[in-house]
Structures are given as structure tokens and as C-alpha cells.
Amino acid sequence: MIKLNNIKKVYRTKTIETTALNNIDLHVPKGEFLSIMGPSGCGKSTLLNIIGLLDEPSGGNIIVDGKEVKNFNSKALAKFRNQKLGFIFQSFHLIPDLNVIDNVELPLLYRKISAKERRNLAANALESVGLANRKSHFPNQLSGGQKQRVAIARAIVGQPEIILADEPTGNLDSVMGDEVMAILSKLNKENNTTIIMVTHDERMAKKTHRLIRLYDGSQVA
């Protein structure tokens, strides 16, 4: 599903050059649940952003679902990302002035579907994460675990084949973290969704199929 070949990422200023990623080769088959670990600043989030087509590498090739994405213009890339990828962030990134169901609908606004269909898809996504009764609530009326479940619903509402999760349990206690991991594992098993998760938590990483480690921008295990 995902192939990274010799990926490099270098940040340059007039006086300094910093290598964030160095010669990363990674193949993720369809349906795999992969976790990425490493110390702060090792390049985990940079790698996830490159896989998610939110950032461009300085070198190397990215192939997603058989397509070499460097050949896409910005419009085609945005459409491909919207259709293929779902994103979950540590800080939830919910819009406070929108209620739960409107937050979940957001990725669908970029698709040519009716308002009724958007509403139905969002309601189904909320039901799948156990929040059907919270659709009219606002983010400030939810617990941290509930906010993360809303974020998961938003990530899956467009039925993406790939979910990218950046520290999805990082702001949660162990009980809420386990609930979020159970939802992700269910999506992986029942829908064959490919999931790549960045985490600092070894216990959560052990719940996934495979673990890779980064250190100073290089893959070490």
C-alpha cells in the first residue's frame, strides 16, 4: 500500500543544514498496523507527514496504492489525500465552534456529495466509535477520550484505506488510551484499514503488527 524509497528530508537555512530523515526505506503492505517509535526530535512526525503527503521529501520516492505521488500537481495531490488518507492528531484539532457531527463532516466538504449523504456518513462514523448520542455536543463538552473518538470518526468518515495517527493516545490516561487502541484495532481487523501510528508508548506499540524505531532521522530497527 505504501512504499518509501530512500527518503531524505533536509531543512536548510543560510547558516545551517539539518537532516531530519536519512535514507528511509519502508514498505507497508495493505492491512498492516505499524507503529513508529523513537526519542523526541528523531523524525517520527516528519516521516508521518511525508507519508501523509503533507510535506515533501528532499529526496527519494513515495508510492501510495501503486501511484508515484511526485507526479501529481497540487490539486490532484489534495484530492488523492482526501480520498485515500485519514489523519488523527494528538491534540484532536477539533474546531471549537462546530458541534461534533459538523466536525466529523469536514473532510466530506471537499467531495461532490449531498448534504444529506454527508450527514448520514458522519452519523455512521460517530456510531462506530460509540458517540452517536453526542453528535450535537461541542468539543468543550467532551472528555479527552471522547474528543479523540470524534477525531477518529472524522478520520474514517470518508472511508480511507490508510489512517495516519500521530500520538493518538498521548494526551489520554491508560484506560482511555486502551479504548482508542481498541477502536483502531477493530478498524484494522474488520475493514483491513492500513494504520501507521507514531507513539512514545511501548505498551501501545506492542498492540500493533510491527514496530520500527527511528534515531536521529535514521531507521535503526
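A quick note: this is a predicted structure, and the numbers were derived from the prediction, not measured.

Colleague: Requested: an account of the overall build of the protein chain, with residues and values cited.
Modeller: In terms of regular secondary structure, the protein chain is built from seven helices and 10 strands. The C-alpha radius of gyration computed for the protein chain amounts to 17 Å, which stays within 12% of the reference 17 Å derived for 221 residues, consistent with globular compactness. Looking at the protein chain as a whole, 46% of its 221 residues are labelled buried. Here the analysis covers contacts within the protein chain between residues at least 6 apart in sequence; of these, 72% occur between residues at least 24 apart. Roughly 11200 Å² of accessible area belongs to the protein chain as shown, and the carbon and sulfur atoms make up 48% of that amount. Distance from the positive charge centre (30 side chains) to the negative charge centre (22 side chains) of the protein chain: 4 Å.

Colleague: Break down helix H1 (residues 44-51) for me, with residues and values.
Modeller: Side chains of residues three or four places apart in an α-helix project in the same direction, reflecting 3.6 residues per turn. Buried residues dominate H1, accounting for six of its eight residues. Taken as a whole, H1 has its buried residues at Lys-44, Thr-46, Leu-47, Leu-48, Ile-50 and Ile-51. Looking at the residues trailing H1, positive phi occurs at Leu-53, about 65°.

Colleague: Tell me about the pairing of strand E8 (residues 194-198), residues and numbers included.
Modeller: Most of E8 is tucked away, with five of its five residues classed as buried. Here E8 shows two buried faces, one formed by Thr-194, Ile-196 and Val-198 and the other by Ile-195 and Met-197. Inspection of the sheet shows strand E3 (residues 33-37) paired to E8 by four bridges, in the parallel sense. For Leu-34, the partnering residue across the bridge sits in E8 and is Ile-196. Direction of pairing for strand E7 (residues 162-166) relative to E8: parallel, over a ladder of five bridges. The residue of E8 that forms the bridge with Asp-166 is Val-198. You can see the chain leave E7, run along helix H6 (residues 174-191) and come back into E8, and the turn it takes is right-handed.

Colleague: Which residues make up the side chain of Arg-154, and what are the values?
Modeller: Here Arg-154 lies in helix H5 (residues 144-156). For the buried Arg-154, which has no salt bridge, the nearest side chain bearing the opposite charge is Asp-166, at an N-O separation of 12 Å. Reaching out from Arg-154, the side chain makes a polar contact with the backbone oxygen of His-93 at a distance of 2.7 Å.

Definitions and limits used
Throughout, a residue's number is its position along its own chain's written sequence, starting from 1. In keeping with the model being predicted, local features are shown solely for residues with a pLDDT of at least 70 and side-chain atom pairs are shown and tallied solely at 80 or more, while totals for entire chains, interfaces and linings include all residues. Values shown for side chains rest on all heavy atoms present in the structure; no hydrogens or waters enter the calculation. Each helix corresponds to a stretch of at least 4 residues labelled H or I by DSSP, and each strand to a stretch of at least 2 residues labelled E; elements are numbered beginning at the N terminus. Using C-alpha atoms as the atom set, the radius of gyration is obtained and then compared with a globule rule of 2.2 Å times the number of residues to the power 0.38. Each residue gets one of three labels from its accessible area relative to the maximum for its type: buried under 20%, exposed over 50%, partly exposed in between, using a 1.4 Å probe on protein chains only. The contact rule is simple, with two residues in contact once any of their heavy atoms fall within 4.5 Å. Only the protein chains shown count as covering a residue, and every accessible area follows the Shrake-Rupley method with a 1.4 Å probe. Residues scored as positive are Lys and Arg, those scored as negative are Asp and Glu, and His as well as the terminal groups of each chain are ignored. In this description, the location of a charge corresponds to atom NZ of lysine, CZ of arginine, CG of aspartate or CD of glutamate. Only when DSSP finds a minimum of two bridges between them are two strands counted as paired. Here a crossover is taken to be right-handed if, once the strands point away from the viewer, the path from the first strand over the helix to the second is traced clockwise. Each reported salt bridge corresponds to a side-chain nitrogen of Lys or Arg within 4 Å of a carboxyl oxygen of Asp or Glu. For this analysis, a polar contact is any N or O atom pair within 3.5 Å, provided that within protein one partner can donate a hydrogen and the other can accept it, and provided that sequence-adjacent residues contribute only side-chain to side-chain pairs.

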